[in-house]
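Chain by chain, the residues:
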Amino acid sequence: MAFESIKAEIDLLLAAMINQPEDAREIHEQLREKLNELRAVGMPLPADLVALEAQMDRDESGEAEA
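Predicted, not measured: the structure shown is a model, and the values here were computed from it.

### Examining the overall build of the protein
And step 1. Along the backbone of the protein there are three helices and zero strands.
And step 2. The order of α-helices and β-strands along the protein, N terminus first, is α-α-α.
And step 3. In terms of overall dimensions, the protein has a C-alpha envelope of 40 × 25 × 15 Å along the principal axes.
And step 4. Across the 66 residues of the protein, 23% fall into the buried class.
And step 5. Sequence-distant contacts, at least 24 apart, represent 55% of the contacts inside the protein between residues at least 6 apart.
And step 6. Of the accessible surface of the protein, which amounts to about 4400 Å², a share of 56% is contributed by carbon and sulfur atoms.
And step 7. In the protein, 6 side chains carry a positive charge and 16 a negative one; their mean positions are 4 Å apart.

Encoded structure:
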């Protein structure tokens, strides 16, 4: 899949996070999949999305411990 296409899909997921917070877990998983697609083809990842991914991991780890 082309970089621009993946980037567009990520933009849609980010908008969904804002508009559908009740679906956050599913959206987080989809975002991870898109970032992994970029990693798989050796594309650079935007730093803000890497930070978002790390924050999601921390949030989910905290929920698992609670």
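### A look at the pattern of salt bridges
And step 1. Overall, the coordinates contain six salt bridges when judged by the stated rule.
And step 2. Across the pair Lys34 and Glu37 runs a salt bridge, and its minimum N-O distance is 3.3 Å. Residue Lys34 and its partner Glu37 are located together in helix α2 (residues 24-40), separated by three residues, close to a single helical turn.
And step 3. Taking the relative accessible area as the measure of exposure, Glu37 reaches 28% and is therefore partly exposed.
And step 4. Shared partners join several salt bridges into a network, and the residues in it are Glu29, Arg32, Asp57 and Glu60.

### Focus on α2
And step 1. The end-to-end C-alpha separation of α2 is 24 Å, in line with the 24 Å expected for 17 residues at 1.5 Å each.
And step 2. Along α2, the residues classified as buried are Ile27, His28, Leu31, Arg32, Lys34, Leu35 and Leu38. For α2, the angular spread of the buried residues around the axis is 165°, confining them to a single face. Opposite the packed face of α2, turned more than 90 degrees from it, sit the exposed residues Arg25 and Ala40.
And step 3. Backbone geometry just after α2 places Gly42 at a positive phi near 75°.

What counts, and at which threshold
Starting afresh in each chain, residues are numbered from 1 along the sequence in its written order. Since the coordinates come from a predicted model, pLDDT governs what is reported: local features require at least 70, and pairs of side-chain atoms require 80 or more to be given and counted, while whole-chain, interface and lining totals use all residues. The side-chain figures draw on all heavy atoms in the structure; neither hydrogens nor water molecules are used. Put simply, DSSP H or I for four residues or longer makes a helix, DSSP E for two residues or longer makes a strand, and each gets a number counted from the N terminus. Residue exposure (1.4 Å probe, protein chains only): buried if accessible area is under 20% of the type maximum, exposed if over 50%, otherwise partly exposed. The contact criterion used is simple: two residues touch if any of their non-hydrogen atoms lie within 4.5 Å. All accessibility values rest on the Shrake-Rupley procedure with a 1.4 Å probe; residue burial counts only the protein chains present in the view. Note on charges: Lys and Arg go in the positive column, Asp and Glu in the negative column, and His and the chain ends are not counted at all. Charge coordinates come from a single atom per side chain, which is NZ of Lys, CZ of Arg, CG of Asp or CD of Glu. Any Lys or Arg side-chain nitrogen found within 4 Å of a carboxyl oxygen on Asp or Glu counts as a salt bridge. What a helix should span is 1.5 Å times the count of its residues minus one. Note that the arc is defined by the directions from the helix axis to the C-beta atoms.

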